[in-house]
Amino acid sequence: MIRVLAGSLCLVMLLVVRPVCAEERHPAAAALASFAEDAIAMLSDQEVTKRERTDSFRRLLVAAFDLDTISRFVLGRSGRGLDAAQRQEFRDVFEDYIVASYADRLGGYAGETMSLGRTRVLKKGMVSVGSTIITPGDGEPIRVDWRMRDGGEGWQVLDVLVEGVSMAITQRDEFQSVIRRDGNRIDGLMEMMRKKADTLSALD
C-alpha cells in the first residue's frame, strides 16, 4: 500500500532494520528501527491466527504512525467544514480502512531488509530518516525517506517518500478524486472506506 500511507505501511511492516551502532542513531531512527523489529517479529510468528496478526498490525500502526495528523492531511480542504466529532469519525474510519487494506498481505514477508542512512533535521520539528530497501535476489534497491516528528507521543511517521514520491500526497490526491466525483462531499469517500473496513469482520 504502493499508495500513500498504504505503501508506506506496507514497507514499515514488512522490513527488518540492519543493526546500526546505537550512539550513531538519531532518536527518530532508533524509533523506526524498533517499529520494524516489532513488525518482523509479528510477521514471523506462524502460530497466530489471521485476526491476531491483524490486531497486532493495528497496534503497531497506531504506535508507528501519527494517524491524527495523517488523516487530516489526506482529507485536505474537504475537512474544513467538519466539526470535531466528524473529524474523529473520519480518523477512526481511516484507521480501519488502512488495516483492512493490508489484512490480506500480512503473511507476505519475503526477507526484505532496510538499511538506515542519514537523518536530516527539517522544519517544524520534523526529521527525515533515509533508508534503502533491499530485496532478496537481484531486486533493485529502493530509496525510502521517512518523515517523522515527536508530537508528544514519541517519534512517529508522518509521511513516506518512495524514490522521492510522497505517499501521503498520493493518498490525498486519490481521496480528493473520490470526493469530487461525489459533488465535493465526503459521503462517497466514507462509504468506500467503510465497505473496505467491513472486510475485517470476515477474518477468521
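For the structure itself, consult the block above.
Heads up: these notes are all about the structure in this document. (Residues numbered from 1 in each chain as written. Predicted model: local features only at pLDDT ≥ 70, side-chain atom pairs only at ≥ 80, totals over all residues. Heavy atoms only, no water.)

### Observations concerning the environment of Ala63
Okay, step 1: Assignment of secondary structure puts Ala63 in helix H3 (residues 50–64).
Okay, step 2: What makes Ala63 partly exposed here is its relative accessible area of 36%.
Okay, step 3: Along the backbone, Ala63 and Trp155 are 92 residues apart, and their C-alpha atoms lie at a distance of 9.1 Å.
Okay, step 4: Ignoring sequence-local partners within four residues, the contact set of Ala63 consists of Phe35 and Gln156. (Helix = DSSP H or I, 4+ residues; strand = E, 2+ residues; numbered from the N terminus. Buried < 20%, exposed > 50% of the residue type's maximum accessible area, 1.4 Å probe, protein only. Contact = heavy atoms within 4.5 Å.)

### Remarks on the pairing of strand E5 (residues 155–162)
Okay, step 1: In terms of burial, E5 is a largely internal element, 8 of the 8 residues being buried.
Okay, step 2: In this sheet, E5 lies alongside strand E4 (residues 142–150) in antiparallel orientation, the contact comprising 7 bridges. Across the sheet, Arg149 pairs through a bridge with Gln156, a residue of E5.
Okay, step 3: Between E4 and the antiparallel strand that follows it, E5, lie 4 residues; Gly152 among them carries a positive phi value of about 110 degrees.
Okay, step 4: Sheet topology places E5 next to strand E6 (residues 165–166); 2 bridges connect them, and they run antiparallel. Considered in E6, the bridge of Leu161 is made with Ser166.
Okay, step 5: Connecting E5 to the next strand, E6, in antiparallel fashion are 2 residues, including Glu163 with a positive phi near 50 degrees. (Pairing = 2+ DSSP bridges.)

### Examining the packing of helix H4 (residues 67–75) against helix H5 (residues 84–102)
Okay, step 1: Closest axis-to-axis distance for the H4/H5 pair is 9 Å, and the angle between their directions is 100 degrees. Our classification of the angle between H4 and H5 gives roughly perpendicular. Between H4 and H5, the residues in contact are Leu67, Asp68, Ile70, Ser71, Val74 and Leu75 and Phe90, Arg91, Phe94 and Glu95, respectively.
Okay, step 2: Here the contact of H4 with H5 is composed, by residue class, of 6 nonpolar, 1 polar and 3 charged. (Axes fitted to C-alpha atoms, helices over the stretch in contact; angles between N-to-C directions. Parallel < 35°, antiparallel > 145°, perpendicular 65-115°, else oblique. Nonpolar A, V, L, I, M, F, W, Y, C, P; charged D, E, K, R; others polar.)

### Looking at the packing of aromatic side chains
Okay, step 1: Under the defined criterion, the tally for this structure stands at 4 aromatic pairs.
Okay, step 2: Between Phe90 and Phe94 the ring centres are 6.2 Å apart and the planes differ by 15 degrees, which places this aromatic pair in the stacked class. A residue pair is termed a helical-turn pair when its members lie 3 or 4 positions apart in one helix, as Phe90 and Phe94 do in helix H5 at 4 residues. Assigned by exposure class, Phe90 and Phe94 land together as buried.
Okay, step 3: Joined through ring pairs, the aromatic side chains of Phe90, Phe94, Tyr97 and Phe175 make up one cluster. (Phe/Tyr/Trp six-rings, centres within 6.5 Å; stacked < 30°, edge-to-face > 60°.)

### Topic: a negative patch on the surface
Okay, step 1: On the surface, a cluster of negative charge is contributed by Asp45, Glu47, Glu52 and Asp55.
Okay, step 2: Mapped onto the elements, Glu47 comes out in the loop between helix H2 (27–44) and H3.
Okay, step 3: For Glu47, a relative accessible area of 72% corresponds to the exposed category. (Patch = residues over 30% accessible without salt bridge, like charges linked within 9 Å, V, L, I, M, F, W, Y side chains within 5 Å. Areas by Shrake-Rupley, 256 points an atom, 1.4 Å probe, with all protein chains shown as cover. Salt bridge = Lys/Arg side-chain N within 4 Å of Asp/Glu carboxyl O. Lys, Arg positive; Asp, Glu negative; His and termini not counted. Charge placed at Lys NZ, Arg CZ, Asp CG, Glu CD.)

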